[in-house]
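Breakdown of the fold
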Amino acid sequence: MPNGEQGQQQPHPQGATPAGGQWYPPEWPDRIRALADGTLTPVEPRRAATVMLLRDTDDGPVVHMLRRRTSMAFAGGAYAYPGGGVDPRDEDHLVGWAGPGLADWSDRLGTDPRTAQAIVCGAVRETFEEAGVLLAGEAPDTVVGDTTGEDWEADRLALVARELSFAEFLDRRGLLLRSDLLGAWARWITPAFEPRRYDTWFFVAALPEGQRTRNASTEADRTVWIRPADAAAGYDKGELLMMPPTISTLRSLEPYESAAHALAGAAGQDLTPVLAQAALEGGDVVLSWPGHDEFTKRVRFGRPGGATA
(Lines give C-alpha, C1' and ligand atoms only; values in the text may rest on other atoms or scores of the structure.)
Protein backbone atom coordinates (compact mmCIF):
# COMPACT_ATOMS: atom_id res chain seq x y z
CA MET A 1 0.00 0.00 0.00
CA PRO A 2 1.25 3.52 -0.78
CA ASN A 3 1.43 4.55 2.88
CA GLY A 4 3.85 1.74 3.70
CA GLU A 5 1.32 -0.71 5.11
CA GLN A 6 1.28 -4.11 3.46
CA GLY A 7 -1.99 -5.88 2.71
CA GLN A 8 -2.52 -8.64 5.26
CA GLN A 9 -4.95 -11.53 5.30
CA GLN A 10 -7.89 -10.20 7.27
CA PRO A 11 -10.09 -12.44 9.42
CA HIS A 12 -13.58 -12.92 8.06
CA PRO A 13 -16.46 -11.93 10.35
CA GLN A 14 -17.54 -14.81 12.54
CA GLY A 15 -20.18 -16.89 10.79
CA ALA A 16 -19.86 -15.07 7.48
CA THR A 17 -19.16 -16.93 4.26
CA PRO A 18 -16.28 -15.55 2.18
CA ALA A 19 -16.53 -15.93 -1.59
CA GLY A 20 -13.40 -14.43 -3.09
CA GLY A 21 -13.22 -11.14 -1.25
CA GLN A 22 -16.99 -10.80 -0.90
CA TRP A 23 -18.84 -11.00 2.40
CA TYR A 24 -22.00 -13.06 2.78
CA PRO A 25 -23.93 -12.91 6.09
CA PRO A 26 -25.06 -16.31 7.39
CA GLU A 27 -28.65 -15.12 7.90
CA TRP A 28 -29.20 -14.41 4.21
CA PRO A 29 -30.75 -17.81 3.25
CA ASP A 30 -33.49 -17.58 5.87
CA ARG A 31 -34.27 -14.00 4.93
CA ILE A 32 -34.34 -14.80 1.22
CA ARG A 33 -36.72 -17.69 1.87
CA ALA A 34 -38.97 -15.40 3.93
CA LEU A 35 -38.96 -12.79 1.18
CA ALA A 36 -39.86 -15.43 -1.40
CA ASP A 37 -42.79 -16.82 0.61
CA GLY A 38 -44.16 -13.40 1.53
CA THR A 39 -43.42 -13.48 5.26
CA LEU A 40 -40.75 -10.80 5.02
CA THR A 41 -41.72 -7.24 4.11
CA PRO A 42 -38.80 -5.27 2.67
CA VAL A 43 -37.88 -2.15 4.59
CA GLU A 44 -37.67 1.16 2.77
CA PRO A 45 -34.05 1.95 1.91
CA ARG A 46 -32.58 4.99 3.60
CA ARG A 47 -30.75 7.51 1.41
CA ALA A 48 -26.98 7.50 1.84
CA ALA A 49 -23.86 8.95 0.24
CA THR A 50 -20.24 7.84 0.12
CA VAL A 51 -17.13 9.46 -1.36
CA MET A 52 -14.13 7.97 -3.14
CA LEU A 53 -11.52 10.52 -2.10
CA LEU A 54 -8.49 10.57 -4.43
CA ARG A 55 -5.03 12.11 -4.36
CA ASP A 56 -2.25 11.91 -6.91
CA THR A 57 1.09 10.11 -6.46
CA ASP A 58 4.01 9.36 -8.77
CA ASP A 59 2.42 5.94 -9.36
CA GLY A 60 -1.00 7.35 -10.19
CA PRO A 61 -4.04 8.23 -8.08
CA VAL A 62 -4.70 6.52 -4.76
CA VAL A 63 -8.05 6.26 -2.99
CA HIS A 64 -8.75 6.69 0.72
CA MET A 65 -10.36 3.63 2.30
CA LEU A 66 -11.28 2.63 5.82
CA ARG A 67 -11.68 -0.82 7.32
CA ARG A 68 -14.80 -1.41 9.36
CA ARG A 69 -14.07 -2.73 12.83
CA THR A 70 -14.22 -6.52 12.95
CA SER A 71 -16.62 -6.21 15.90
CA MET A 72 -19.23 -4.51 13.70
CA ALA A 73 -22.39 -6.58 13.26
CA PHE A 74 -22.62 -5.71 9.58
CA ALA A 75 -19.64 -6.18 7.23
CA GLY A 76 -17.10 -6.16 10.04
CA GLY A 77 -13.57 -6.19 8.62
CA ALA A 78 -14.72 -4.98 5.20
CA TYR A 79 -13.02 -2.09 3.42
CA ALA A 80 -15.19 0.84 2.35
CA TYR A 81 -15.12 4.60 1.73
CA PRO A 82 -16.19 7.40 4.07
CA GLY A 83 -19.95 7.68 3.97
CA GLY A 84 -23.24 7.27 5.75
CA GLY A 85 -26.90 8.17 5.91
CA VAL A 86 -28.36 11.41 4.61
CA ASP A 87 -29.61 13.85 7.25
CA PRO A 88 -33.23 14.86 6.44
CA ARG A 89 -32.50 18.32 7.87
CA ASP A 90 -30.31 18.97 4.84
CA GLU A 91 -33.47 19.16 2.73
CA ASP A 92 -35.02 21.98 4.68
CA HIS A 93 -32.46 24.79 4.74
CA LEU A 94 -30.98 26.58 1.76
CA VAL A 95 -27.29 25.73 2.00
CA GLY A 96 -24.52 28.09 0.96
CA TRP A 97 -23.66 26.63 -2.42
CA ALA A 98 -20.97 26.87 -5.12
CA GLY A 99 -20.70 24.95 -8.36
CA PRO A 100 -23.53 23.32 -10.35
CA GLY A 101 -26.95 24.40 -9.09
CA LEU A 102 -29.61 22.20 -7.53
CA ALA A 103 -31.44 21.85 -10.85
CA ASP A 104 -28.30 20.35 -12.38
CA TRP A 105 -27.76 18.03 -9.45
CA SER A 106 -31.42 17.05 -9.48
CA ASP A 107 -31.12 16.00 -13.14
CA ARG A 108 -27.89 14.13 -12.51
CA LEU A 109 -29.08 12.23 -9.44
CA GLY A 110 -32.60 11.60 -10.71
CA THR A 111 -34.29 13.24 -7.74
CA ASP A 112 -36.11 16.43 -6.84
CA PRO A 113 -33.93 19.46 -5.93
CA ARG A 114 -34.44 19.20 -2.16
CA THR A 115 -33.42 15.55 -2.16
CA ALA A 116 -30.44 16.34 -4.40
CA GLN A 117 -29.28 18.98 -1.92
CA ALA A 118 -29.56 16.52 0.97
CA ILE A 119 -27.58 13.83 -0.89
CA VAL A 120 -24.76 16.19 -1.88
CA CYS A 121 -24.68 17.62 1.64
CA GLY A 122 -24.53 14.08 2.97
CA ALA A 123 -21.52 13.28 0.80
CA VAL A 124 -19.61 16.37 1.94
CA ARG A 125 -20.64 16.07 5.60
CA GLU A 126 -19.76 12.37 5.87
CA THR A 127 -16.34 12.98 4.32
CA PHE A 128 -15.66 15.59 6.99
CA GLU A 129 -17.08 13.43 9.78
CA GLU A 130 -15.16 10.26 8.88
CA ALA A 131 -12.01 11.54 7.18
CA GLY A 132 -11.63 15.11 8.43
CA VAL A 133 -11.74 16.47 4.87
CA LEU A 134 -14.08 19.36 4.06
CA LEU A 135 -15.12 20.27 0.51
CA ALA A 136 -16.13 23.85 1.29
CA GLY A 137 -14.69 27.35 1.07
CA GLU A 138 -15.36 30.99 1.88
CA ALA A 139 -15.78 31.79 -1.82
CA PRO A 140 -16.80 29.82 -4.92
CA ASP A 141 -13.15 29.40 -5.94
CA THR A 142 -11.56 28.69 -2.54
CA VAL A 143 -11.41 25.71 -0.21
CA VAL A 144 -10.58 25.62 3.49
CA GLY A 145 -7.07 24.56 4.53
CA ASP A 146 -6.10 22.52 7.58
CA THR A 147 -9.17 21.29 9.50
CA THR A 148 -7.37 19.57 12.39
CA GLY A 149 -7.67 22.33 15.02
CA GLU A 150 -9.65 21.95 18.24
CA ASP A 151 -12.43 24.25 17.01
CA TRP A 152 -12.85 22.17 13.86
CA GLU A 153 -12.88 18.99 15.90
CA ALA A 154 -15.59 20.35 18.18
CA ASP A 155 -17.78 21.11 15.18
CA ARG A 156 -17.06 17.70 13.64
CA LEU A 157 -18.14 15.93 16.82
CA ALA A 158 -21.29 18.05 16.99
CA LEU A 159 -22.12 17.00 13.42
CA VAL A 160 -21.52 13.33 14.25
CA ALA A 161 -23.82 13.62 17.27
CA ARG A 162 -26.42 15.43 15.09
CA GLU A 163 -26.35 18.30 17.58
CA LEU A 164 -25.51 20.55 14.63
CA SER A 165 -26.97 20.39 11.14
CA PHE A 166 -24.62 20.72 8.19
CA ALA A 167 -26.37 23.88 7.01
CA GLU A 168 -25.92 25.45 10.47
CA PHE A 169 -22.26 24.43 10.44
CA LEU A 170 -21.66 26.09 7.05
CA ASP A 171 -23.60 29.23 8.06
CA ARG A 172 -21.72 29.55 11.35
CA ARG A 173 -18.38 29.45 9.54
CA GLY A 174 -19.44 31.50 6.52
CA LEU A 175 -18.69 28.66 4.11
CA LEU A 176 -20.06 27.56 0.75
CA LEU A 177 -20.39 23.89 -0.12
CA ARG A 178 -18.16 23.28 -3.16
CA SER A 179 -20.40 20.96 -5.17
CA ASP A 180 -18.07 21.38 -8.16
CA LEU A 181 -15.45 19.35 -6.26
CA LEU A 182 -17.73 16.29 -6.39
CA GLY A 183 -18.68 14.02 -9.25
CA ALA A 184 -21.56 11.51 -9.04
CA TRP A 185 -20.22 8.06 -9.92
CA ALA A 186 -22.64 5.21 -9.15
CA ARG A 187 -25.78 4.24 -7.27
CA TRP A 188 -26.36 0.95 -5.44
CA ILE A 189 -29.39 -0.16 -3.41
CA THR A 190 -29.15 -2.73 -0.62
CA PRO A 191 -30.95 -6.01 -1.48
CA ALA A 192 -34.61 -6.26 -0.50
CA PHE A 193 -33.95 -9.09 1.97
CA GLU A 194 -31.56 -7.05 4.13
CA PRO A 195 -32.89 -5.70 7.46
CA ARG A 196 -30.94 -2.45 7.02
CA ARG A 197 -31.20 -1.02 3.53
CA TYR A 198 -29.56 1.97 1.89
CA ASP A 199 -30.02 3.74 -1.41
CA THR A 200 -26.43 4.90 -1.79
CA TRP A 201 -24.97 7.42 -4.21
CA PHE A 202 -21.21 7.09 -4.77
CA PHE A 203 -19.20 10.23 -5.51
CA VAL A 204 -15.60 10.92 -6.48
CA ALA A 205 -13.55 13.88 -5.23
CA ALA A 206 -9.92 15.01 -5.05
CA LEU A 207 -8.23 15.73 -1.71
CA PRO A 208 -8.04 19.53 -1.44
CA GLU A 209 -4.58 21.07 -1.20
CA GLY A 210 -3.57 21.73 2.40
CA GLN A 211 -5.95 19.17 3.90
CA ARG A 212 -5.08 15.69 5.10
CA THR A 213 -7.12 12.67 6.04
CA ARG A 214 -7.28 11.01 9.42
CA ASN A 215 -9.23 8.14 10.88
CA ALA A 216 -12.05 10.10 12.50
CA SER A 217 -14.63 7.31 12.31
CA THR A 218 -15.57 5.30 15.39
CA GLU A 219 -16.60 2.49 13.03
CA ALA A 220 -13.15 2.04 11.48
CA ASP A 221 -9.98 0.51 12.93
CA ARG A 222 -7.70 1.31 10.00
CA THR A 223 -7.42 3.70 7.07
CA VAL A 224 -5.22 3.44 3.98
CA TRP A 225 -4.39 5.25 0.77
CA ILE A 226 -4.16 2.63 -1.95
CA ARG A 227 -4.11 2.43 -5.74
CA PRO A 228 -7.45 1.09 -6.99
CA ALA A 229 -5.67 -1.66 -8.93
CA ASP A 230 -3.78 -2.76 -5.80
CA ALA A 231 -6.95 -2.82 -3.72
CA ALA A 232 -8.71 -4.84 -6.42
CA ALA A 233 -5.79 -7.27 -6.53
CA GLY A 234 -6.04 -7.69 -2.75
CA TYR A 235 -9.73 -8.43 -3.11
CA ASP A 236 -9.10 -10.99 -5.86
CA LYS A 237 -6.60 -12.79 -3.61
CA GLY A 238 -9.06 -12.83 -0.72
CA GLU A 239 -6.81 -10.56 1.34
CA LEU A 240 -9.08 -7.50 1.41
CA LEU A 241 -12.72 -7.99 2.25
CA MET A 242 -15.21 -5.82 0.35
CA MET A 243 -18.84 -5.73 -0.64
CA PRO A 244 -19.83 -5.63 -4.34
CA PRO A 245 -20.39 -1.85 -4.61
CA THR A 246 -16.91 -1.17 -3.24
CA ILE A 247 -14.96 -3.50 -5.49
CA SER A 248 -17.08 -2.51 -8.50
CA THR A 249 -16.33 1.19 -8.05
CA LEU A 250 -12.66 0.46 -7.39
CA ARG A 251 -12.38 -1.38 -10.70
CA SER A 252 -14.10 1.51 -12.48
CA LEU A 253 -11.43 3.90 -11.15
CA GLU A 254 -8.50 1.91 -12.54
CA PRO A 255 -8.34 3.52 -16.03
CA TYR A 256 -7.95 7.07 -14.70
CA GLU A 257 -4.47 8.59 -14.66
CA SER A 258 -5.13 11.34 -12.12
CA ALA A 259 -7.69 12.57 -9.63
CA ALA A 260 -8.67 15.37 -12.01
CA HIS A 261 -9.08 12.85 -14.83
CA ALA A 262 -11.42 10.78 -12.69
CA LEU A 263 -13.44 13.82 -11.62
CA ALA A 264 -13.82 14.85 -15.27
CA GLY A 265 -14.95 11.34 -16.13
CA ALA A 266 -17.72 11.33 -13.53
CA ALA A 267 -20.19 12.95 -15.93
CA GLY A 268 -20.10 9.85 -18.13
CA GLN A 269 -20.76 7.34 -15.34
CA ASP A 270 -24.04 5.43 -15.32
CA LEU A 271 -26.22 6.19 -12.29
CA THR A 272 -28.81 3.50 -13.01
CA PRO A 273 -29.48 1.91 -9.58
CA VAL A 274 -27.93 -1.52 -9.06
CA LEU A 275 -30.12 -3.83 -6.97
CA ALA A 276 -29.11 -7.40 -6.12
CA GLN A 277 -31.30 -10.34 -7.08
CA ALA A 278 -31.42 -13.57 -5.05
CA ALA A 279 -32.76 -17.05 -5.70
CA LEU A 280 -32.73 -20.29 -3.73
CA GLU A 281 -31.72 -23.44 -5.57
CA GLY A 282 -31.72 -26.42 -3.25
CA GLY A 283 -29.45 -25.55 -0.34
CA ASP A 284 -27.65 -22.86 -2.30
CA VAL A 285 -28.23 -19.15 -2.54
CA VAL A 286 -27.63 -17.71 -6.01
CA LEU A 287 -26.88 -14.00 -5.90
CA SER A 288 -26.59 -11.69 -8.88
CA TRP A 289 -26.21 -7.97 -9.45
CA PRO A 290 -27.68 -7.04 -12.85
CA GLY A 291 -25.01 -5.59 -15.13
CA HIS A 292 -22.22 -6.88 -12.88
CA ASP A 293 -21.67 -10.52 -13.80
CA GLU A 294 -18.49 -10.65 -11.71
CA PHE A 295 -20.60 -10.86 -8.57
CA THR A 296 -22.92 -13.68 -9.61
CA LYS A 297 -22.18 -16.30 -6.97
CA ARG A 298 -23.58 -19.59 -5.77
CA VAL A 299 -23.09 -19.68 -2.02
CA ARG A 300 -23.56 -23.03 -0.29
CA PHE A 301 -25.09 -23.00 3.16
CA GLY A 302 -25.08 -26.20 5.14
CA ARG A 303 -28.34 -25.56 6.99
CA PRO A 304 -30.95 -22.83 7.30
CA GLY A 305 -29.43 -19.86 9.04
CA GLY A 306 -25.87 -21.19 8.95
CA ALA A 307 -23.10 -21.04 6.40
CA THR A 308 -20.49 -23.67 5.74
CA ALA A 309 -16.95 -22.82 4.77
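Residues numbered from 1 in each chain as written. Predicted model: local features only at pLDDT ≥ 70, side-chain atom pairs only at ≥ 80, totals over all residues. Heavy atoms only, no water.

Let us now look at the environment of Leu 207. Summarising the element assignment, Leu 207 is placed in the loop between β11 (198–206) and β12 (220–226). On a C-alpha basis, the gap between Leu 207 and Leu 53 in space is 6.2 Å, while along the polypeptide they are 154 residues apart. Apart from the residues lying within four places of it in its own chain, the contact partners of Leu 207 are Leu 53, Leu 54, Arg 55, Val 133, Thr 213 and Trp 225. (Helix = DSSP H or I, 4+ residues; strand = E, 2+ residues; numbered from the N terminus. Contact = heavy atoms within 4.5 Å.)

On inspection of all chains with the given rule, the structure shows 21 salt bridges. For the salt bridge of Arg 187 with Asp 199, the shortest nitrogen-to-oxygen distance reads 2.6 Å. One end of the pair, Arg 187, is in strand β10 (residues 182–189); the other, Asp 199, is in strand β11, and twelve residues separate them in sequence. The two residues Arg 187 and Asp 199 agree in class, both being buried. (Salt bridge = Lys/Arg side-chain N within 4 Å of Asp/Glu carboxyl O. Buried < 20%, exposed > 50% of the residue type's maximum accessible area, 1.4 Å probe, protein only.)

Another aspect to go through is the layout of surface pockets. Within this model, the second largest pocket holds a volume of roughly 260 Å³. Forming the walls of the second largest pocket are 19 residues, and the residues nearest its centre are Ala 186, Trp 188, Ser 248, Val 274 and His 292. Put simply, the parts of the chain that give the lining of the second largest pocket at least two residues each are β10, α7 (244–253) and β16 (292–300). The leading source of residues in the lining of the second largest pocket is α7, at five residues. (1 Å grid on protein atoms, 1.4 Å probe; cavity = no way out; pocket = protein on both sides within 12 Å on 5 of 7 lines; lining within 4 Å. Points joined across faces, edges and corners; volume = space filled by probe spheres on them.)

With their axes 9 Å apart at the nearest point, helix α3 (residues 113–131) and helix α4 (residues 150–160) run at an angle of 120 degrees to one another. It follows that α3 is oblique to α4 by the angle criterion. Regarding α3 and α4, the two cross each other, and that crossing is left-handed. In this structure, α3 uses Arg 125, Phe 128 and Glu 129 to contact α4, whose residues at the interface are Trp 152, Arg 156, Leu 159 and Val 160. Classifying every residue of the contact of α3 with α4 gives four nonpolar, no polar and three charged. (Axes fitted to C-alpha atoms, helices over the stretch in contact; angles between N-to-C directions. Parallel < 35°, antiparallel > 145°, perpendicular 65-115°, else oblique. Left-handed = near helix turned anticlockwise from the far one by under 90°. Nonpolar A, V, L, I, M, F, W, Y, C, P; charged D, E, K, R; others polar.)

A word on the packing of aromatic side chains. All chains considered together, the criterion is met by nine aromatic pairs. Summarising the aromatic geometry, the rings of Trp 152 and Phe 169 are spaced 6.3 Å apart at their centres and angled 70 degrees between planes, so their arrangement reads as edge-to-face. Here Trp 152, found in helix α4, pairs with Phe 169, found in helix α5 (residues 166–173); they are 17 residues apart in sequence, far enough to count as distant. The rings of Phe 128, Trp 152, Phe 166 and Phe 169 are connected pair by pair, giving a single aromatic cluster. Positioned over the ring face of Trp 225 is Arg 55, at 4.7 Å from the centre of the ring. (Phe/Tyr/Trp six-rings, centres within 6.5 Å; stacked < 30°, edge-to-face > 60°. Lys NZ or Arg CZ within 6 Å of the ring centre and 35° of its normal.)

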